[in-house]
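If you want the building blocks of each chain, they are given just below.
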Amino acid sequence: QVQLVESGGGSVQAGESLRLSCSASGIIFSIMDMGWYRQASGKQRELVAIITNDGRTNYADSVRGRFTISRDNAKNTLYLQMNSLKPEDTAVYYCNRNPPSSVYWGQGTQVAVSS
């Protein structure tokens, strides 16, 4: 049974940082390209960052230079370090493979950034 569990969200002030984690089970994590996605209230889910199975990364223009995606294959865990947070980063953040699979969506973790 595939399970992706996101954690680390919270409520912060603009300019602060958060580190999200995604614990994976039921999949061969190390061979998968993975991604972080987010969905703000009333908007479509969007891709934030991706990391290939060999560690190459790419980012949405809106977060490039502020967010860093990383992975620990030994721990089956995906991370998203978010610095210099802005109110427009407020959303529920999800991890999934890249491209995403409908069966892999978890509950997400809420990030709220106030100005």
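An account of the accompanying structure is given in this report.

Calculation notes
- Residues numbered from 1 in each chain as written.
- Predicted model: local features only at pLDDT ≥ 70, side-chain atom pairs only at ≥ 80, totals over all residues.
- Heavy atoms only, no water.
- Helix = DSSP H or I, 4+ residues; strand = E, 2+ residues; numbered from the N terminus.
- Rg over C-alpha atoms; globule rule 2.2 N^0.38 Å.
- Pairing = 2+ DSSP bridges.
- Axes fitted to C-alpha atoms, helices over the stretch in contact; angles between N-to-C directions.
- Disulfide = S-S within 2.5 Å.
- Buried < 20%, exposed > 50% of the residue type's maximum accessible area, 1.4 Å probe, protein only.
- Contact = heavy atoms within 4.5 Å.

**A short note on the overall build of the protein**
Move 1: Within the protein, the secondary structure is distributed over zero helices and ten strands.
Move 2: When the helices and strands of the protein are listed from N to C terminus, the series reads β-β-β-β-β-β-β-β-β-β.
Move 3: The C-alpha atoms of the protein give 13 Å as radius of gyration, which agrees with the globular expectation for 115 residues (13 Å, within 12%).
Move 4: Seen along its three principal axes, the alpha-carbon backbone of the protein occupies a region of about 40 × 25 × 20 Å.

**Some words on the sheet that holds strand β7 (residues 67–72)**
Move 1: Judged by pairing direction, the sheet is antiparallel, and its four strands sit side by side in the order β1-β3-β8-β7 without closing on themselves. Strand pairing shows two members of the sheet lacking a second neighbour, β1 (3–7) and β7, which therefore form its edges. Pairs of neighbouring strands in the sheet enclose a mean axial angle of 15°, with direction left out of account.
Move 2: Note: β1 against strand β3 (residues 18–25), five bridges, orientation antiparallel. The partner of Glu6 across the bridge, within β3, is Cys22.

**Describing the state of the cysteines**
Move 1: Across all of its chains, the model carries one disulfide by this definition.
Move 2: Residue pairing for Cys22: its cysteine sulfur links by disulfide to Cys95, the two sulfurs lying 1.9 Å apart. Between Cys22 and Cys95 the disulfide shows an S-S torsion of about 55°. By sign, it is right-handed. Here Cys22, found in strand β3, pairs with Cys95, found in strand β9 (residues 91–97); they are 73 residues apart in sequence, far enough to count as distant.
Move 3: In this structure Cys22 comes out as buried when scored by relative accessible area, which is 0%.
Move 4: You can call Cys95 buried: its relative accessible area is 0%.

**Digging into the environment of Leu85**
Move 1: When you line up the elements, Leu85 lands in the loop between β8 (77–82) and β9.
Move 2: Owing to a relative accessible area of 1%, Leu85 belongs among the buried residues under this scheme.
Move 3: Along the primary structure Leu85 and Leu4 are separated by 81 residues, whereas in three dimensions their C-alpha atoms are 24 Å apart.
Move 4: Beyond its immediate sequence surroundings of up to four residues, Leu85 is in contact with Val12, Ala14, Gly15, Glu16, Ser17, Leu18, Arg66, Phe67 and Val113.

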